[in-house]
Amino acid sequence: MEQEKRREGQRENPLGFELKCINNLIRRNLDMRFIEAGLGDLSGMQGPMLGYIREASNVRDVYQKDLEKQFNVRRSTATVILQNLEQKGYIVRESVKSDGRVKKITVTEKAVQHDTAIHHLIDGFNKELEEGITPEEKECFYKILEKIRSNLETENRE
């Protein structure tokens, strides 16, 4: 019976539930890999966010609002992640003379030293994640994700 439903494109679990389960698996898997790589003090979004800060800061100044937009997180979530990264010695937040309300985010030497390991870990993870997926399937998946994102953004605007 289950195989018949799958062949017809029907699932018992709603799409949102399946996406949440995949998100949990991704988070746990990344956390485990960070621990195994000796970067156990980085968890959840901290590694990817730190990588983004490191790359983007080579081109321009990085601010919290940039992270909120890039990672689609609320201000409070970004604040907590940045506070943790700062406490762990990976970043510093510096006041900007032109606007005392915003702080420029800069990576520390500790972040620079771990940068290669973090990139290697995330790149390897993404390659494993995409294993066995054809370019056509990947393109289709991205189109579906775009539609889901659009549906959610439209819903949040109302």
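Placed above this text is the structure.
The following paragraphs examine the structure supplied in this document.

Time to look at helix H4 (residues 64-71). Buried within H4 are the following residues: Gln64, Asp66, Leu67, Glu68 and Phe71. The elements touched by buried residues of H4 are helix H3 (46-56), strand E1 (62-63), helix H5 (75-87), strand E2 (91-96) and strand E3 (99-107). The first or second residue beyond H4 is Asn72, which carries a positive phi of 55 degrees.

With that out of the way, let us pick up the sheet that holds E3. An order of E1-E3-E2 is seen for the 3 strands of this open sheet, with the pairing classed as antiparallel. Strand pairing shows two members of the sheet lacking a second neighbour, E1 and E2, which therefore form its edges.

Between H3 and H4, whose axes approach to 11 Å, the crossing angle comes to 125 degrees. Taken together, the axes of H3 and H4 are oblique relative to one another. Handedness of the H3/H4 crossing: right-handed. Mapping the contact onto sequence places Pro48, Met49, Tyr52 and Ile53 in H3 and Asp66, Leu67, Gln70 and Phe71 in H4.

Our focus in this paragraph is the pattern of salt bridges. Taken as a whole and assessed by the stated rule, the structure comprises 8 salt bridges. Between Lys104 and Asp61 there is a salt bridge, with its nearest N and O atoms 3.6 Å apart. Here the residue Lys104 occupies a position in strand E3, and Asp61 occupies one in the loop between H3 and E1, the gap between them amounting to 43 residues. Of the charged contacts, one joins Lys138 and Glu130 as a salt bridge, the two residues approaching to 2.9 Å between their closest N and O atoms. Judged by its relative accessible area of 31%, Lys138 is partly exposed.

A few words on the packing of aromatic side chains. The geometry of an aromatic ring pair is captured by the separation of the ring centres together with the interplanar angle, meaning the angle of the planes. Under the criterion given, the structure shown has 1 aromatic pair. Aromatic side chains Tyr52 and Phe71 sit 5.8 Å apart centroid to centroid with 90 degrees between the ring planes, which places their arrangement in the edge-to-face category. A residue pair is termed long-range when its members are at least 10 positions apart, and Tyr52 in helix H3 and Phe71 in helix H4 qualify at 19 residues. Note on accessibility: Tyr52 and Phe71 belong to one class, buried. We note Lys110 situated over the ring of Tyr90; from NZ or CZ to the ring centre the distance is 4.5 Å.

Judged by nonpolar contacts, the single largest core of 26 residues is most densely connected at Phe34, Leu42, Leu50, Ile53, Leu67, Tyr90 and Ile91. Breaking this core down by element, the ones donating at least two residues are helix H2 (15-36), H3, H4, H5, E3 and helix H6 (109-129). Not counting chain neighbours up to four residues away, the residues in contact with Leu42 comprise Phe34, Gly47, Leu50, Leu85, Lys88, Tyr90 and Ile118.

Here the focus is the side chain of Thr108. Tracing the chain through its elements places Thr108 in the loop between E3 and H6. A relative accessible area of 17% means that Thr108 is categorised as buried.

Calculation rules
Residues numbered from 1 in each chain as written. Predicted model: local features only at pLDDT ≥ 70, side-chain atom pairs only at ≥ 80, totals over all residues. Heavy atoms only, no water. Buried < 20%, exposed > 50% of the residue type's maximum accessible area, 1.4 Å probe, protein only. Helix = DSSP H or I, 4+ residues; strand = E, 2+ residues; numbered from the N terminus. Contact = heavy atoms within 4.5 Å. Pairing = 2+ DSSP bridges. Axes fitted to C-alpha atoms, helices over the stretch in contact; angles between N-to-C directions. Parallel < 35°, antiparallel > 145°, perpendicular 65-115°, else oblique. Left-handed = near helix turned anticlockwise from the far one by under 90°. Salt bridge = Lys/Arg side-chain N within 4 Å of Asp/Glu carboxyl O. Phe/Tyr/Trp six-rings, centres within 6.5 Å; stacked < 30°, edge-to-face > 60°. Lys NZ or Arg CZ within 6 Å of the ring centre and 35° of its normal. Core = buried A, V, L, I, M, F, W, Y, C linked by side-chain atoms within 4.5 Å.

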